[in-house]
Amino acid sequence: MALLNFKKRDTGPAQSATTEMQALLQGYSIEVMPRTASKIDDFRALLPAGTRVYVAHIDGTPIDDMVATAKRLNAQGFPVMPHFPARIIKDKDMLADWIARYQGEADVKQALLLAGGVVTPQGDFHSSMQLLETGLFDRAGFTHLHVAGHPEGNKDIDPDGSTKNVFEALDWKQKFSTRTDAQMALATQFAFEAKPIIAWADSLKQAGIDLPIHIGIAGPAKLQTLIKFAIACGVGPSLKVLQKRAMDVSKLLLPYEPTDVLSELAAHKAKNPDFNITNVHFFPLGGIKTNAAWAINNGGASTAPAKDQV
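Residues numbered from 1 in each chain as written. Predicted model: local features only at pLDDT ≥ 70, side-chain atom pairs only at ≥ 80, totals over all residues. Heavy atoms only, no water.

Participant: Would you mind showing me how to read the packing of helix H4 (residues 63–75) against helix H5 (residues 92–106) here?
Facilitator: Relative placement of two packed helices is described by the angle separating their axes and the distance separating the axes. Interhelical geometry of H4 versus H5 gives an angle of 35° and a closest axis separation of 9 Å. Viewed along their axes, H4 and H5 form a crossing whose handedness is right-handed. Taken together, the residues of H5 that come into contact with H4 (itself represented by Ile63, Asp64, Met66, Val67, Ala70, Lys71 and Asn74) are Trp98, Arg101, Tyr102, Glu105 and Ala106. In terms of residue class, the contact of H4 with H5 is made up of seven nonpolar, one polar and four charged. (Axes fitted to C-alpha atoms, helices over the stretch in contact; angles between N-to-C directions. Helix = DSSP H or I, 4+ residues; strand = E, 2+ residues; numbered from the N terminus. Left-handed = near helix turned anticlockwise from the far one by under 90°. Contact = heavy atoms within 4.5 Å. Nonpolar A, V, L, I, M, F, W, Y, C, P; charged D, E, K, R; others polar.)

Shown next as structure tokens:
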């Protein structure tokens, strides 16, 4: 993942730091991989103190690299939430070993549980629900357990294009949340259009699912990069936002920024304080530095880097 260098935005004044946007960006989280994290000398120069950092576990990434990245982030003062992809975890013993290593070496107390991107399970697990059912996270005293959300559906779970299986799984996770001492939330795939996100969030509440939603948002990136990732990740209806932008010659060469979608979500939340989207979760597809710079320029004092808050 290339780190883009938009120097004017790195040092310039806030572009859209409205009160509503600042409120929405407070307590945002960000996702990294060991490879991308290794390019950052000190996350305290980019992220606010206490920022939750998810560490994505891509199939083929050694657990040693995952734990080392978590250890480094924890040492810099950031709570770490590594991915536990069910379909690449061979059995309960491997899961227990990962948990023990993350806790023993990196003081990890949080986890994102998901099925994972591989089609064929490599062992006993194929869903996040099976990981939760082992009881290992509760016994280890994890304080936060997040599970995946899909604002635009998931063809892997519902091949017919419906949301039936997705909602059944969410109902199970809602009920599980009453049986665990850990705080649970939904961390979602990224989307580019606010109205479908709002409609999806409202539909969850109507179905009795009140888990807090940490909405996935793609950070600033080249348009070609975003379209590539959106197709690979199965982003659905809101992909048309990028396709429409690609047809506008005046915007084709400009980097995409999430200002429009977040401004609309922020305004909606300001008018509806009980809106169940509570946090923003960034996918820094155009680079961690670029994403952090955008958040700093748009989020007010709460998004200032940790080094500037001392």
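Participant: When you look at the pairing of strand E1 (residues 29–32) in this model, what are you seeing that I'm missing?
Facilitator: Each regular strand carries side chains that alternate between the two faces of the sheet. Of the two faces of E1, both are covered, the one formed by Ser29 and Glu31 as well as the one formed by Ile30 and Val32. Pairing geometry for E1 and strand E8 (residues 277–283), over two bridges, is parallel. Within E8, the position partnered with isoleucine 30 by the bridge is phenylalanine 282. Summarising the sheet, E1 and strand E2 (residues 53–55) pair through three bridges and their orientation is parallel. Of the residues in E2, the one forming a bridge with glutamate 31 is tyrosine 54. (Buried < 20%, exposed > 50% of the residue type's maximum accessible area, 1.4 Å probe, protein only. Pairing = 2+ DSSP bridges.)

Participant: Help me understand helix H9 (residues 194–206) in this model?
Facilitator: One full turn of an α-helix is made of 3.6 residues, so residues set three or four places apart face in the same direction. For H9, which comprises 13 residues, the first-to-last C-alpha distance of 18 Å matches the rise-based estimate of 18 Å (1.5 Å per residue) to within 8%. Where H9 is concerned, the buried positions are Ala194, Ile197, Ile198, Trp200, Ala201 and Leu204. Taken around the axis of H9, the buried residues stretch over an arc of 165°, which confines them to a single face. Of the residues in H9, the exposed ones pointing more than 90 degrees away from the buried face are Lys195 and Gln206. (Expected span 1.5 Å × (residues − 1). Arc of directions from axis to C-beta.)

Participant: Would you take a moment to explain the environment of glutamate 193 for this structure?
Facilitator: Inspection of the secondary structure assignment puts glutamate 193 in the loop between strand E6 (183–190) and H9. Taking the C-alpha atoms as reference points, glutamate 193 and isoleucine 217, separated by 24 residues in sequence, lie 9.9 Å from one another.

Participant: What exactly am I supposed to notice about the nonpolar core here?
Facilitator: General note: in soluble globular proteins, nonpolar side chains tend to be found buried as a group. Grouped together as the largest cluster of nonpolar side chains are 79 residues, with contacts concentrated most on Phe84, Phe137, Leu262, Leu265 and Phe282. It is H9 that contributes the most residues to this core, six residues altogether. Not counting the four nearest positions on each side in its chain, phenylalanine 282 is found in contact with Leu25, Tyr28, Ser29, Ile30, Glu31, Ile217, Gly219, Pro258, Leu262, Asn291, Trp294 and Ala295. (Core = buried A, V, L, I, M, F, W, Y, C linked by side-chain atoms within 4.5 Å.)

Participant: Before we go on, may I ask you to explain unusual backbone geometry in this structure?
Facilitator: In most cases, non-glycine residues show a negative phi, while peptide bonds are predominantly trans. Phi is positive for aspartate 107, close to 55°, though the residue is something other than glycine. Topologically, aspartate 107 is positioned in the loop between H5 and strand E4 (110–114).

Participant: Explain the environment of aspartate 64 to me, please; I cannot follow it from the model alone.
Facilitator: By the secondary structure assignment, aspartate 64 is in helix H4. Overall, aspartate 64 belongs to the partly exposed group, its relative accessible area being 46%. Expressed as a C-alpha distance, the spacing of aspartate 64 and tryptophan 98, which sit 34 residues apart in the sequence, is 9.7 Å.

Participant: Got a minute to help me understand the packing of aromatic side chains in this structure?
Facilitator: The geometry of an aromatic ring pair is captured by two quantities: the separation of the ring centres and the angle between the planes. A complete count under the given rule lists ten aromatic pairs for this structure. Arranged with centres 5.3 Å apart and planes meeting at 75°, the rings of tyrosine 28 and phenylalanine 282 form a pair that is edge-to-face. Taken as a pair, tyrosine 28 in the loop between helix H2 (19–25) and E1 and phenylalanine 282 in strand E8 lie far apart in primary sequence, 254 residues in all. Relative accessible area serves as the criterion here: at 3%, tyrosine 28 is assigned to the buried category. Seen from their ring centres, phenylalanine 282 and tryptophan 294 are 6.0 Å apart, and the 70° between their planes marks the pair as edge-to-face. Of the two residues, phenylalanine 282 sits in strand E8 while tryptophan 294 sits in helix H14 (residues 288–299), which places them twelve residues apart along the sequence. The ring of tryptophan 172 carries the charged tip of arginine 179 above its face, separated from the ring centre by 5.7 Å. (Phe/Tyr/Trp six-rings, centres within 6.5 Å; stacked < 30°, edge-to-face > 60°. Lys NZ or Arg CZ within 6 Å of the ring centre and 35° of its normal.)

Participant: Would you mind going over H5 with me for this structure?
Facilitator: Taking 1.5 Å per residue as the helical rise, H5 with its 15 residues ought to reach 21 Å, and the 21 Å between its terminal C-alpha atoms agrees with that figure. Of all the residues in H5, the buried ones are Leu95, Trp98, Ile99, Tyr102 and Ala106. Take H5 and look down its axis: the buried residues cluster within an arc of 95°, on one side only. H5 presents Asp93 and Gly104 as exposed residues on the side facing more than 90 degrees away from its buried surface. Considering only its buried residues, H5 is in contact with H4, strand E3 (80–85), helix H6 (128–133) and helix H7 (136–139). The N-terminus of H5 is capped by aspartate 91, whose side-chain oxygen sits 3.2 Å from the backbone nitrogen of aspartate 93. Once H5 ends, the next one or two residues include aspartate 107, with phi positive near 55°. (Polar contact = N/O pair within 3.5 Å; in protein donor to acceptor, adjacent residues only side chain to side chain.)

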